[in-house]
Amino acid sequence: MKVYNTKDWAQFVFLISKSDTLFKLAPLIFFMLLYSLGVAYVEIHYFKVSDESWVKNLPQMHGLLSFVISMLLVFRTNTAYDRWWEGRKLWGQLVNNSRNLAIKMAGILDPTDEENRRFFRRSIPIYAFSLKDHLQSKKTEYSLQDDHLIEENYLAASVVSDKHVPNQIAKLLFGKINALYKTGQITGDQLIVLNGEITALTDICGGCERIKNTPIPYSYSSFIKKFIMLYTLSLPIGYAYMLGYFAAPIVAFVFYVLASLELIAEEIEEPFGMDENDLPMEKMSENIQRQVEEILI
Amino acid sequence: MKVYNTKDWAQFVFLISKSDTLFKLAPLIFFMLLYSLGVAYVEIHYFKVSDESWVKNLPQMHGLLSFVISMLLVFRTNTAYDRWWEGRKLWGQLVNNSRNLAIKMAGILDPTDEENRRFFRRSIPIYAFSLKDHLQSKKTEYSLQDDHLIEENYLAASVVSDKHVPNQIAKLLFGKINALYKTGQITGDQLIVLNGEITALTDICGGCERIKNTPIPYSYSSFIKKFIMLYTLSLPIGYAYMLGYFAAPIVAFVFYVLASLELIAEEIEEPFGMDENDLPMEKMSENIQRQVEEILI
Amino acid sequence: MKVYNTKDWAQFVFLISKSDTLFKLAPLIFFMLLYSLGVAYVEIHYFKVSDESWVKNLPQMHGLLSFVISMLLVFRTNTAYDRWWEGRKLWGQLVNNSRNLAIKMAGILDPTDEENRRFFRRSIPIYAFSLKDHLQSKKTEYSLQDDHLIEENYLAASVVSDKHVPNQIAKLLFGKINALYKTGQITGDQLIVLNGEITALTDICGGCERIKNTPIPYSYSSFIKKFIMLYTLSLPIGYAYMLGYFAAPIVAFVFYVLASLELIAEEIEEPFGMDENDLPMEKMSENIQRQVEEILI
Amino acid sequence: MKVYNTKDWAQFVFLISKSDTLFKLAPLIFFMLLYSLGVAYVEIHYFKVSDESWVKNLPQMHGLLSFVISMLLVFRTNTAYDRWWEGRKLWGQLVNNSRNLAIKMAGILDPTDEENRRFFRRSIPIYAFSLKDHLQSKKTEYSLQDDHLIEENYLAASVVSDKHVPNQIAKLLFGKINALYKTGQITGDQLIVLNGEITALTDICGGCERIKNTPIPYSYSSFIKKFIMLYTLSLPIGYAYMLGYFAAPIVAFVFYVLASLELIAEEIEEPFGMDENDLPMEKMSENIQRQVEEILI
Amino acid sequence: MKVYNTKDWAQFVFLISKSDTLFKLAPLIFFMLLYSLGVAYVEIHYFKVSDESWVKNLPQMHGLLSFVISMLLVFRTNTAYDRWWEGRKLWGQLVNNSRNLAIKMAGILDPTDEENRRFFRRSIPIYAFSLKDHLQSKKTEYSLQDDHLIEENYLAASVVSDKHVPNQIAKLLFGKINALYKTGQITGDQLIVLNGEITALTDICGGCERIKNTPIPYSYSSFIKKFIMLYTLSLPIGYAYMLGYFAAPIVAFVFYVLASLELIAEEIEEPFGMDENDLPMEKMSENIQRQVEEILI
């Protein structure tokens with residue numbers, strides 16, 4: 001995710017970064033410019049349309065449909081942003097849960113029980129890292145041991161990376177807590193108190209998977225793109241009568257605005273990739289690690 | 001549900017698939033085209049309306065009402081999408097719940113208790129499959145046994161497909177957990193910890209039934225369709241004066257845009273069918289099965 | 001609630017049912033038609049306004065305010081629909097809760113304890129029926145006994161219909177569960193597991209009462225109606241110059257659209273009556289009864 | 001809160017009650033009328049502007065900004081209504097919680113334990129009354145005893161009205177429940193079952209305080225009012241050329257519409273006062289009292 | 001946060017305070033005025049464009065895009081306000097939680113246990129103060145002791161300000177409650193009853209961090225600013241033909257309106273700073289302190 005100062009206007013207005021829609025749409029905008037010039041040329045030199053021509057009233061239709069198109073784009077923008085913000089919320093919950101689980105285990109576990117403290121100090125942040133890799137479809141092996149030399153096999157046996165990794169770590173975590181309960185190191189009341197945090201992990205994972213795997217319905221995605229193209233391609237036909245060659249930059253600008261909104265929405269709606277607008281999951285996982293280690297000394 | 005690459009514009013713009021609204025609306029659009037040509041012909045050749053004619057100001061009204069119609073369509077689009085997304089969320093919760101229940105039972109059940117492990121490994125995914133069939137009104141018999149030869153009657157007795165199948169599986173699941181609690185294999189604290197997952201199953205089922213059985217109020221559905229038809233049918237009367245025969249493609253295009261939005265909304269608002277935009281419940285159920293089997297070895 | 005096929009357009013467009021706004025607004029639309037004709041007649045024959053008249057620019061104002069009026073109507077539509085959908089959700093929760101309570105009691109109660117099973121089999125659906133009657137202000141006596149001959153007085157004593165009936169049934173339900181807990185037939189852990197379902201009943205009842213008793217603020221209701229009337233009544237004054245007698249059907253159509261939206265919103269916002277768009281509470285209560293009886297054999 | 005029949009149109013359209021925005025805005029509307037007449041007089045008689053004057057195109061700008069202003073007003077309307085509806089929901093929850101607490105205590109307390117029954121029968125409704133007075137900044141003393149003669153001092157000692165009264169009553173309630181738990185009259189499981197209701201009281205109180213103490217940000221409130229004034233004050237300058245003295249009623253009407261929306265939003269956004277649109281907290285508290293007394297006999 | 005009377009219109013309309021967008025945008029508005037005058041001068045004196053010029057139809061485009069720009073600004077306004085309101089809700093929850101925790105501890109702790117009462121009386125408000133400082137990136141040391149002379153080292157050891165301070169205080173709180181549970185001063189049932197309040201603290205902290213650290217996606221922020229600048233910079237080109245030098249104040253006014261909305265959104269979306277619209281966290285923390293001290297005497 002790009003870090004930026006929201007209040008520095010110059011940066012936004014004059015800088016055209018690589019992630020800018022102006023940069024990405026440049027070829028299409030250039031095509032629109034040429035196309036409009038062509039339409040204007042044909043209309044002015046071949047048809048020589050007079051003021052009485054019926055075609056000159058075409059912009060009437062574009063006015064009529066301008067509400068529909070802008071409302072559709074706002075619908076698109078809203079849903080894309082909602083998905084992005086929901087993804088952000090889910091990762092925020094992951095941070096909160098990890099910390100709460102660490103705070104609770106720090107209080108519940110015996111201060112001298114270094115082994116179990118190390119287990120949770122390692123495994124809680126690993127859930128975040130594994131979820132990140134799972135959402136970005138990377139396969140990694142995670143070690144729950146500080147000392148890699150000992151018990152290496154223990155992990156290999158329990159977290160196999162060709163299965164659903166976050167599930168397995170959640171299982172390991174609940175299994176450990178249940179085992180501590182069975183051996184009396186955690187009382188029944190404490191088990192109930194820990195329940196919310198354990199359950200939340202898988203809920204968060206499922207929420208992220210839902211956002212990642214379900215784009216907005218194909219029908220909308222297809223219809224909006226078709227509508228934008230038909231709308232802007234028919235725009236110069238009427239505008240060339242009113243504006244002459246000036247129609248070209250205007251059509252290009254209208255196209256830039258409409259297509260930008262669709263383009264940004266496409267980038268935003270799946271926040272787990274590695275685009276500039278995507279969530280900084282790596283950094284958030286490191287934050288979880290640092291804070292859990294601070295708490296579970 | 002159609003899987004697609006959101007960033008491939010060409011596919012959306014030039015391809016007219018069978019599920020496209022352009023394809024479905026073709027006859028009506030063609031009718032609109034003919035109707036507008038007819039209106040234009042009559043106005044131009046019979047009435048020979050001059051520029052002074054009052055009728056030429058009719059588009060004024062269409063401009064006035066264009067806000068109302070686009071806002072209504074956005075209202076329609078929003079509610080349809082919300083229902084679709086809520087349906088998706090409910091199935092996401094089903095995935096999460098199934099996994100959490102499996103993770104918890106994997107920890108709680110004795111590692112050697114193969115019988116009970118097999119029961120949950122089978123019955124949790126069966127809930128998803130039965131919910132899918134219930135929403136699609138299919139009647140199926142589900143076997144909770146790996147070995148079909150033994151105890152076939154046990155199932156036949158407990159899950160009868162002419163009753164509400166998901167309810168019966170939920171009852172079987174809670175009954176089993178309660179029985180394990182009574183025999184001491186699950187402690188009281190563990191019962192409380194499992195409560196959320198068991199309760200959620202029926203809540204999810206009810207949520208899906210609500211979306212399936214309650215379309216938006218008849219009044220809105222009826223009014224929007226009436227409004228679109230009256231709006232587009234009166235459009236060529238005024239436009240023929242301004243645009244001549246050009247009015248025909250324009251009216252057809254306006255009709256295509258307005259009717260498409262209504263058509264897509266109709267498809268989206270009931271996400272449990274077998275249309276292209278509907279939820280991939282079969283695949284999700286298989287996912288649940290695979291993951292539960294991974295967890296509850 | 002009217003059951004209908006969302007995909008049958010002909011039905012919506014050509015059929016004018018009794019619940020249609022066109023039917024209900026007919027007298028007012030007819031009045032608007034006459035009024036506009038009168039205004040046009042006066043302007044054309046008495047004032048003989050020329051093209052230079054200032055009044056002909058009046059539609060300018062209607063254009064300016066058309067955004068405000070359509071946005072207000074969408075606000076009205078959204079809030080009315082939200083209330084209707086919330087009412088539907090509350091009844092959906094009632095279905096879910098009733099089933100969950102039945103599923104849990106079926107597991108918890110001893111299979112031979114026919115008396116208590118009968119109590120819950122009867123009293124859970126009765127809550128739904130009594131809530132329906134309470135929302136529709138009917139007063140009914142409910143019997144919790146299969147055998148009406150025995151213990152008739154028991155009910156008469158405990159559920160008196162001049163008090164708040166749903167409250168009393170909720171009290172009876174919790175009282176019974178608490179009594180079972182005190183006599184050891186329900187353990188403490190099971191009591192906690194049942195808590196959510198019992199509490200939800202009164203929450204659902206309160207949610208429905210809130211929707212029923214609180215219409216949108218008087219100020220909005222009054223302002224929107226005033227605005228629509230002033231807007232449409234001033235419409236023909238300017239339109240008669242532009243459109244002559246054609247102004248009449250146009251004004252009538254604009255009025256039909258604006259008033260319909262207000263009218264539908266009024267019908268929808270209170271979903272517990274017996275209008276065509278209202279919730280099928282009778283059917284839902286019967287569903288609860290059938291399913292609870294299926295579960296709690 | 002004004003009780004009204006939503007379906008009686010005549011009442012809304014022709015009646016101008018004291019709470020009507022038309023009544024409240026009358027002086028400002030009258031000023032706008034005079035101001036516009038003045039502007040029109042100056043333009044027509046002094047400047048004698050011809051059709052070529054540039055100023056006559058000013059309405060172009062008002063058209064351009066009409067979307068912005070109507071969208072801002074809808075944003076204002078939506079947030080105000082959301083706050084009002086949230087306030088209503090919080091009081092609805094208070095009703096539900098009070099009833100649920102009463103239902104649970106009725107079941108839990110020994111039928112012969114008249115003293116504790118009386119305590120809850122009195123103190124639950126008093127929480128509602130005290131919250132109402134707290135939100136309306138009244139200071140009152142509440143008695144938790146039926147018999148005022150005895151133990152008057154007990155209350156005086158525990159509920160001092162110069163402290164935060166609802167907090168003290170919540171403390172008294174939890175203290176009593178905790179005491180009953182310590183003496184064994186409430187078991188631990190019942191304590192857990194009662195937890196939700198006790199916690200909710202303070203959450204509801206805090207929610208109401210939040211709505212009461214936090215108006216929408218000063219920047220928006222200030223900007224919207226500035227925008228409306230600048231917009232309507234500049235309106236007659238351009239309109240006088242187009243509409244002559246007719247501009248005056250039109251400007252006044254536009255001002256009436258825009259200012260009404262802002263005015264209603266102001267009234268609605270703080271629902272705990274004693275305006276006509278505010279919540280009937282007195283009546284709701286009495287309802288709570290009556291129902292709690294019905295339940296906790 | 002600025003405290004103000006929402007109903008005093010004069011204050012809003014005529015007063016231009018330092019926080020006003022008019023004040024902040026003054027230099028840019030002045031630049032726009034000069035720029036538009038320049039464009040008008042060039043067009044009128046050099047190009048001497050006639051009425052036939054194509055350029056005069058440019059405003060057509062601005063009309064077309066005015067919907068898009070106003071909808072984008074409303075999207076911006078809505079998301080900014082939602083963030084501000086969510087921040088306010090989180091702090092409202094903090095107030096509620098602190099009070100509920102105090103009310104519960106007041107009931108649970110032995111009335112004579114002055115030491116533990118003092119601990120909670122001090123540490124609960126300190127969480128609020130530390131969260132405020134954490135969000136404003138101040139580093140402070142907090143003392144949990146009334147008597148600073150004794151046990152000063154105890155705090156220094158446990159709350160180190162270069163770590164995440166709220167986490168440490170939450171850990172201290174849970175640690176103390178868990179210790180009381182282990183020594184039997186809090187029963188298991190009471191521990192469960194306290195769980196919600198303890199968990200909520202870290203959830204609130206995480207929610208605030210999320211709002212603070214995640215501005216709306218860079219793409220939107222950049223696109224909206226670019227769009228506003230291109231839109232207003234091209235506005236005088238077409239307007240100078242229609243309005244002459246009058247175009248200058250009009251363009252300046254349009255720019256003022258559009259840029260104000262963006263500017264206010266920027267201020268509102270991060271509610272934890274020290275601007276005039278930001279939340280009064282200092283005051284709220286003091287409120288928490290006063291109320292907790294009132295409750296936990």
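In this convention, every chain numbers its residues from 1, walking through the sequence in written order. In the order they appear in the text, chains get letters beginning with A and ligands get numbers beginning with 1. Given that the model is predicted, a residue must reach a pLDDT of at least 70 before its local features are reported, and side-chain atom pairs must reach 80 or more before they are shown or counted; all residues, however, enter totals for whole chains, interfaces and linings. In computing side-chain values, all of the structure's heavy atoms are included and hydrogens and water are not.

**Section: the relation of the copies chain D and chain C**
Filter applied, for reference: Copy-to-copy superposition: least squares on the C-alpha atoms, limited to residues that have pLDDT of at least 70 in both copies. Should any heavy atoms of two residues lie within 4.5 Å, those residues are counted as being in contact.
Once chain D is rotated about the relating axis by 72 degrees and shifted along it by 0.0 Å, it coincides with chain C to within an RMSD of 0.0 Å. Expressed as an axis order, the relation between the two copies is that of a five-fold axis. Of the C-alpha atoms belonging to chain D, the one lying closest to the rotation axis is found on D:Phe67, 5.5 Å away. Mapped onto chain C, only 6% of the interface residues of chain D again fall at the interface, so the copies present different surfaces.

**Section: the side chain of C:Asp113**
All names here are of chain C. Rules: The secondary structure listing takes helices from DSSP runs of H or I that are at least 4 residues long and strands from runs of E that are at least 2 residues long, numbered from the N terminus. Relative accessibility under 20% of the residue-type maximum defines a buried residue, over 50% an exposed one, and the middle range a partly exposed one, all with a 1.4 Å probe and only protein chains included. For this count, His and the chain ends are skipped, Lys and Arg are scored as positive, and Asp and Glu as negative. A pairing counts as a salt bridge when a side-chain nitrogen of Lys or Arg comes within 4 Å of a carboxyl oxygen of Asp or Glu. Whenever a nitrogen or oxygen atom comes within 3.5 Å of another N or O atom, the pair is scored as a polar contact, on the condition that within protein one atom can donate a hydrogen and the other can accept it, and that pairs from neighbouring residues in sequence are kept only if both atoms are in side chains.
Note that Asp113 resides in the loop between helix 3 (59-108) and helix 4 (114-135). Arg117 provides the closest opposite charge to the buried, unpaired Asp113, separated from it by 6.8 Å. Here Asn116 takes part through its side chain, which lies 2.6 Å from a polar atom of the side chain of Asp113.

**Examining the interface of chain B and chain C**
Going by this rule: Two parts placed together each lose some accessible area under a 1.4 Å probe, and adding up what both lose gives the buried area.
Between chain B and chain C, the residue contacts involve 61 residues of the former and 72 residues of the latter. Carbon and sulfur atoms supply 69% of the area buried between chain B and chain C, which totals about 6300 Å² over both sides. Here chain B is connected to chain C by one salt bridge. In this structure, C:Arg99 engages B:Glu209 in a salt bridge whose closest nitrogen and oxygen atoms are separated by 3.1 Å. The tally of links between chain B and chain C comes to 18 residue pairs in polar contact (both at pLDDT 80 or more). Mapped by element, the contributors of at least two residues to the side of chain B that touches chain C are helix 3 (59-108), helix 6 (165-182), helix 7 (188-213), helix 8 (218-243) and helix 9 (247-268) of chain B.

**Overview of helix 7 (residues 188-213) of chain D**
Residues and elements named next belong to chain D. Quick note on the threshold: Here the expected span of a helix is defined as 1.5 Å times the quantity of residues minus one. A residue's bend is the angle separating two fitted axes: one through the seven residues that end there, the other through the seven that start there.
The end-to-end C-alpha distance of helix 7, which contains 26 residues, comes to 38 Å, matching closely the 38 Å that a straight helix rising 1.5 Å per residue would cover. Most pronounced at Leu194, the bend in helix 7 amounts to some 40 degrees. Across the 26 residues of helix 7, 22 count as buried, placing the element largely inside the fold.

**Notes on the confidence of the model for chain A**
The predicted coordinates of low-pLDDT regions are not to be read in fine detail. All names here are of chain A. Rules: Confidence scores labelled pLDDT are given residue by residue by the predictor and lie between 0 and 100.
In the predicted model, chain A carries a mean pLDDT of 83, and 83% of its residues have values of at least 70. Within chain A, no element has a lower average pLDDT than helix 5 (residues 152-158), which sits at 44, and none a higher one than helix 10 (residues 281-295), at 92. Low pLDDT, under 50, characterises residues 146-157; the stretch is placed with ten contacts to residues that sit more than four places away or in other chains.

**Examining the packing of helix 4 (residues 114-135) of chain A against helix 10 of chain A**
Residues and elements named next belong to chain A. Going by this rule: For helices, the fitted axis covers only the stretch in contact; all axes are lines through C-alpha atoms, and the angles between them, taken along N-to-C directions, range from 0 to 180 degrees. Orientation labels follow simple angle bins: below 35 degrees gives roughly parallel, above 145 gives roughly antiparallel, 65 to 115 gives roughly perpendicular, and whatever is left gives oblique. Each residue is assigned to one of three groups, with Ala, Val, Leu, Ile, Met, Phe, Trp, Tyr, Cys and Pro labelled nonpolar, Asp, Glu, Lys and Arg labelled charged, and all others, Gly among them, labelled polar.
Where helix 4 meets helix 10, the axes come as close as 9 Å, and the angle between the chain directions of the two elements is 175 degrees. The angle between helix 4 and helix 10 falls in the class roughly antiparallel. Contacts between helix 4 and helix 10 involve Phe120, Arg121, Ile124, Pro125, Ala128, Phe129, Lys132 and Leu135 on the former and, on the latter, Met281, Glu282, Ser285, Glu286, Ile288, Gln289, Val292 and Glu293. Residues belonging to the contact of helix 4 with helix 10 are distributed by class as follows: nine nonpolar, two polar and five charged.

**Remarks on a nonpolar patch on the surface**
Rules: Grouping into patches uses exposed residues only, defined as over 30% relative accessible area, and leaves out salt-bridged ones; the cut-off is 9 Å for like charges and 5 Å for nonpolar side chains (Val, Leu, Ile, Met, Phe, Trp, Tyr). Computed by Shrake-Rupley with a 1.4 Å probe, the accessible areas treat only the displayed protein chains as cover when residues are assessed.
Taken together, the side chains of A:Phe30, A:Leu34, A:Leu37, A:Tyr41, A:Val42, A:Tyr46, A:Phe47 and A:Tyr245 present a nonpolar region at the surface, about 850 Å² in accessible area. Here A:Leu34 shows up in helix 2 (residues 21-47).

**A closer look at the interface of chain D and chain C**
Opposite the 72 residues of chain D that make contact, chain C presents 61 residues. Taken together, chain D and chain C are joined by one salt bridge. Between the two partners, chain D and chain C, sit 18 residue pairs in polar contact (both at pLDDT 80 or more). Elements with a minimum of two residues in the side of chain D that touches chain C: helix 1 (9-14), helix 2 (21-47), helix 3 (59-108), helix 7, helix 8 (218-243), helix 9 (247-268) and helix 10 (281-295) of chain D. Top contributing element to the side of chain D that touches chain C by residue count: helix 3 of chain D, with 24 residues. Looking at the side of chain D that touches chain C residue by residue, the class counts come to 41 nonpolar, 20 polar and eleven charged.

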